[in-house]
Amino acid sequence: EPEVTQTPSHQVTQMGQEVILRCVPISNHLYFYWYRQILGQKVEFLVSFYNNEISEKSEIFDDQFSVERPDGSNFTLKIRSTKLEDSAMYFCASTGLSNQPQHFGDGTRLSIL
Amino acid sequence: SQQGEEDPQALSIQEGENATMNCSYKTSINNLQWYRQNSGRGLVHLILIRSNEREKHSGRLRVTLDTSKKSSSLLITASRAADTASYFCATAPQAGTALIFGKGTTLSVSS
């Protein structure tokens, strides 16, 4: 069964550094999402992407964050200058049709030191 | 803002017993989805139920939706130790929009 894949599985970065989290959505999917889950807390929506542009974003997704679909397969989340509070598990998700389930990757654990 | 809130927060049962988890939300939805998360892993989709549906089944899983009460339940029948995980409901106000997750129910099934 097709899967959403995320790399790296774990990223350790110094505060203030830039990080890029990578996702390969399921190949025929059209809608892409990033969520995060701070340890012990609920999953929170960051941003959704459709037709090569952001379709929705939360208040968490401030100017430090950006997303890109540089080619036909990758979907990236960039955090420009990381803060301690950015430490979390980041999940990518995709879906083929808007009324279908969102399929999640295994996540990238981001640790900011 | 709307939320999915599950109860109970934690549930411990013996293998073979049924587990019921409930979810409440605040505003209108297009669909409601249930996910499972094993410790340290990603979210695995279980069932999606649309606002015009009342019940769905998938194997040992049964989901109900009551839009008048803004609530849903997930029933796992004949539970197994492998069902031990956290279970989340997530609501979508419209098709394709962001999912709003609840805090989850942690299910422990002992053999």
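Criteria and thresholds
- Residues numbered from 1 in each chain as written.
- Chains lettered and ligands numbered in written order.
- Predicted model: local features only at pLDDT ≥ 70, side-chain atom pairs only at ≥ 80, totals over all residues.
- Heavy atoms only, no water.
- Helix = DSSP H or I, 4+ residues; strand = E, 2+ residues; numbered from the N terminus.
- Rg over C-alpha atoms; globule rule 2.2 N^0.38 Å.
- Buried < 20%, exposed > 50% of the residue type's maximum accessible area, 1.4 Å probe, protein only.
- Contact = heavy atoms within 4.5 Å.
- Buried area = accessible area lost by both parts, 1.4 Å probe.
- Salt bridge = Lys/Arg side-chain N within 4 Å of Asp/Glu carboxyl O.
- Nonpolar A, V, L, I, M, F, W, Y, C, P; charged D, E, K, R; others polar.
- Polar contact = N/O pair within 3.5 Å; in protein donor to acceptor, adjacent residues only side chain to side chain.
- 1 Å grid on protein atoms, 1.4 Å probe; cavity = no way out; pocket = protein on both sides within 12 Å on 5 of 7 lines; lining within 4 Å.
- Points joined across faces, edges and corners; volume = space filled by probe spheres on them.
- Pairing = 2+ DSSP bridges.
- Axes fitted to C-alpha atoms, helices over the stretch in contact; angles between N-to-C directions.

## Details of the overall build of chain B
So, point 1. Summing up its helical and strand segments, chain B has zero helices and eleven strands in all.
So, point 2. Mapped in sequence order, the helices and strands of chain B form the string β-β-β-β-β-β-β-β-β-β-β.
So, point 3. Against the globule reference of 13 Å for 111 residues, chain B gives a C-alpha radius of gyration of 13 Å, in line with a compact fold.
So, point 4. Its C-alpha atoms give chain B principal-axis dimensions of roughly 40 × 25 × 20 Å.

## Some details on the overall build of chain A
So, point 1. A tally of regular secondary structure across chain A gives zero helices and eleven strands.
So, point 2. Reading chain A from its N terminus to its C terminus gives the helix and strand order β-β-β-β-β-β-β-β-β-β-β.
So, point 3. Relative to the 2.2 N^0.38 estimate, which gives 13 Å for 113 residues, the radius of gyration of chain A is 13 Å and therefore close to what a compact globule would have.
So, point 4. For the C-alpha atoms alone, the extent of chain A along its principal axes is close to 40 × 25 × 25 Å.
So, point 5. The 113 residues of chain A split such that 46% are buried.

## Side note on the interface of chain A and chain B
So, point 1. With 18 residues of chain A at the interface, the matching set in chain B holds 21 residues.
So, point 2. Interface area, chain A with chain B, both sides summed: about 1,700 Å², of which 52% is carbon and sulfur.
So, point 3. In this structure, D106 of chain A and R41 of chain B form a salt bridge, with 2.9 Å as the shortest nitrogen-oxygen distance.
So, point 4. Secondary structure elements with two or more residues in the side of chain A that touches chain B: β4 (31-37), β5 (43-50) and β9 (88-95) of chain A.
So, point 5. By residue number, the principal contributor to the side of chain A that touches chain B is β4 of chain A, which donates three residues.
So, point 6. For the side of chain A that touches chain B, a count of residues per class yields eight nonpolar, six polar and four charged.

## Concerning the side chain of H29 of chain A
Residue and element names in this part refer to chain A.
So, point 1. Its location among the elements puts H29 in the loop between β3 (19-24) and β4.
So, point 2. Only 2.7 Å separates the side chain of H29 from the side chain of S94, close enough to count as a polar contact.
So, point 3. Of note is the side chain of H29, whose polar atom sits 3.3 Å from the backbone nitrogen of T95.
So, point 4. Those residues in contact with H29 that sit more than four places away from it in its chain are S94, T95, G96 and H103.

## Section: empty space enclosed by the protein
So, point 1. For the structure shown, the criterion picks out one cavity of 30 Å³ or more.
So, point 2. Roughly 40 Å³ of volume is contained in the largest cavity.
So, point 3. Taken together, Y33, T95, S98, Q100 and Q102 of chain A together with N31, Q33, A92, G96, T97 and L99 of chain B make up the lining of the largest cavity.
So, point 4. Of the residues belonging to the lining of the largest cavity, the class tally is three nonpolar, eight polar and no charged.

## Considering the sheet that holds β3 of chain A
Residues and elements named next belong to chain A.
So, point 1. Judged by pairing direction, the sheet is antiparallel, and its four strands sit side by side in the order β1-β3-β8-β7 without closing on themselves. Taken across any chain shown, the strands that pair with only one partner, and hence form the sheet edges, are β1 (5-7) and β7 (65-68). Neighbour to neighbour, the strand axes of the sheet diverge by 20° on average, direction disregarded.
So, point 2. Note: β3 against strand β8 (residues 75-79), five bridges, orientation antiparallel. Across the sheet, residue R22 finds its bridge partner in β8, namely T76.

## Examining the sheet that holds strand β1 (residues 5-7) of chain B
Residue and element names in this part refer to chain B.
So, point 1. Taken in spatial order, the five strands make up an open sheet running β1-β3-β8-β7-β6, and their pairing is antiparallel. Unpaired on one side and paired on the other, β1 and β6 (55-58) mark the two borders of the sheet. Here the strands of the sheet are splayed against their neighbours by 20° on average, with no regard to which way each runs.
So, point 2. The sheet contact formed by strand β3 (residues 19-24) and strand β8 (residues 71-76) spans six bridges and is antiparallel. Bridged to C23 within β8 is S72.

## Topic: unusual backbone geometry
So, point 1. Following T7 of chain A, the chain continues to P8 of chain A via a peptide bond in cis, the omega torsion being -10°.
So, point 2. Note on placement: P8 of chain A falls in the loop between β1 and β2 (10-13).
So, point 3. Unusually for a residue other than glycine, K70 of chain B sits at a positive phi of about 50°.
So, point 4. Within the secondary structure, K70 of chain B sits in the loop between β7 (61-66) and β8.

Purely geometric stuff here, so don't read any function into it on its own.
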